[in-house]
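# An overview of the molecular structure
So the chains spell out like this:
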Amino acid sequence: MKFIKECFYGEIEEKKSKFYAGLFPLEREEDVEGFLEACRKRYRDARHHCYAYIYIEEGEGIVQEHKKQSDDGEPAKTAGMPILQRMEGLELKNALLVVSRIFGGTLLGTGGLSRAYSDAAKAVLAKAVFLERIEGWEVELQIPYTLFGKLEYSLTEQEIPILDKRFTENVVLIIRVKEEHYSVFEKKIREYGSQVVFLAIKKCRWYTR
């Protein structure tokens, strides 16, 4: 799956019609209408603001994918569907893609419209910076000073980042471990016995290129 954390814009021209594409991250499904209204204000001369979005609703043990597409007055399946297909092809989630069309005076026909909306979606997707969402654990460890160098080296070898270090009577480390690496990490930590104390552990997620 791919995600975005910022907005991106692109445009194409087809037989003097302008197609302005905007790609927006969705923190909530309810954000869709706000982005659509922003596009309507930004492109006041556009007769159509066609769009598609894919949003994952996640609860405790439940994941539901919501998809919607709209032709916004264009002939059926000539706008929203081509946009949605571009997003699906990239496995892009939690995103809205809007294409606003300003008519240039020449009819494109249903085939021409489908290609133009698809190409506009492609143009903005080509500019986007996609992120991978990582599931994992944030762990707070307490260790003696004598173990600090050895453990820091071990974490580096495992490509586990240290987010914070606190030096008091002991050393307290806050680290972040990917879900798929956690069992190996925990096994290595247990080898130190009572020298390493787990102060806290919580589920977390983050994004990376």
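The coordinates are above.
Residues numbered from 1 in each chain as written. Predicted model: local features only at pLDDT ≥ 70, side-chain atom pairs only at ≥ 80, totals over all residues. Heavy atoms only, no water.

### Points about the nonpolar core
Filter applied, for reference: Take the buried residues of types Ala, Val, Leu, Ile, Met, Phe, Trp, Tyr and Cys, join any two whose side-chain atoms come within 4.5 Å, and each joined set is a nonpolar core. Partly exposed describes any residue whose relative accessible area lies between the buried limit of under 20% and the exposed limit of over 50%, with all areas from a 1.4 Å probe on protein chains only and scaled to the type maximum. Every residue pair with non-hydrogen atoms within 4.5 Å of one another is taken to be in contact.
Residues Phe19, Leu23, Ile83, Met87, Leu97, Val99 and Tyr117 are the most contacted members of the largest nonpolar core, which totals 26 residues. Not counting residues up to four positions away in its chain, the partners in contact with Phe19 are Gly10, Glu11, Ile12, Glu14, Val99, Ser100, Arg101, Leu108, Ala116, Tyr117 and Ala120. Formed by 17 residues, the second largest nonpolar core is a distinct cluster that contains Leu151, Leu155, Leu173 and Phe185.

### Details of the packing of aromatic side chains
The line we're drawing: What counts as a ring pair is set by centres within 6.5 Å for rings of Phe, Tyr and Trp (its six-membered ring), and what kind of pair is set by the plane angle: stacked under 30 degrees, edge-to-face over 60, tilted for all other angles. Secondary structure elements follow DSSP: runs of H or I no shorter than four residues count as helices, runs of E no shorter than two count as strands, and numbering proceeds from the N terminus. The criterion is that NZ of a Lys, or CZ of an Arg, lies within 6 Å of the ring centre and within 35 degrees of the ring normal, and then a charge sits over that ring.
This structure, assessed with the given rule, holds nine aromatic pairs. Residues Tyr182 and Phe185 carry aromatic rings whose centres are separated by 5.6 Å and whose planes lie at 55 degrees to one another, so their mutual orientation is tilted. One end of the pair, Tyr182, and the other, Phe185, are both in helix α5 (residues 182–190), three residues apart, so they sit about a helical turn from each other. We classify Tyr182 as buried; its relative accessible area is 12%. In textbook terms, an aromatic cluster arises when at least three aromatic residues are bridged by ring pairs, as seen for Tyr9, Phe24 and Phe35. Looking at Arg42, its charged tip hangs above the ring of Tyr9, at a distance of 4.2 Å from the centre.

### With respect to the sheet that holds strand β2 (residues 17–25)
How we decide: Two strands are said to pair when DSSP picks up at least two bridges between them. Axis lines are fitted to C-alpha atoms, over the contacting stretch for helices. Their N-to-C directions set the angle, which ranges from 0 to 180 degrees.
Across the sheet, five strands lie side by side as β1-β2-β5-β3-β4; this open sheet has antiparallel pairing. Across the chains shown, the open sheet's two edge strands, defined by having one partner strand only, are β1 (8–14) and β4 (62–70). Shown here is a sheet whose adjacent strand axes are inclined to one another by a mean of 10 degrees, direction ignored. Against the sheet, helix α2 (residues 80–89) makes contact with β3 (48–59), β4 and β5 (95–102), and its axis sits at roughly 40 degrees relative to β3, the strand it touches most.

### Brief notes about the environment of Ile201
As for its placement among the helices and strands, Ile201 is situated in strand β9 (residues 197–208). Along the chain, Ile201 and Leu141 lie 60 residues apart, while their C-alpha atoms are 8.9 Å from each other. Ignoring sequence-local partners within four residues, the contact set of Ile201 consists of Trp137, Glu138, Val139 and Tyr182.

Nothing here speaks to function; it is all geometry.
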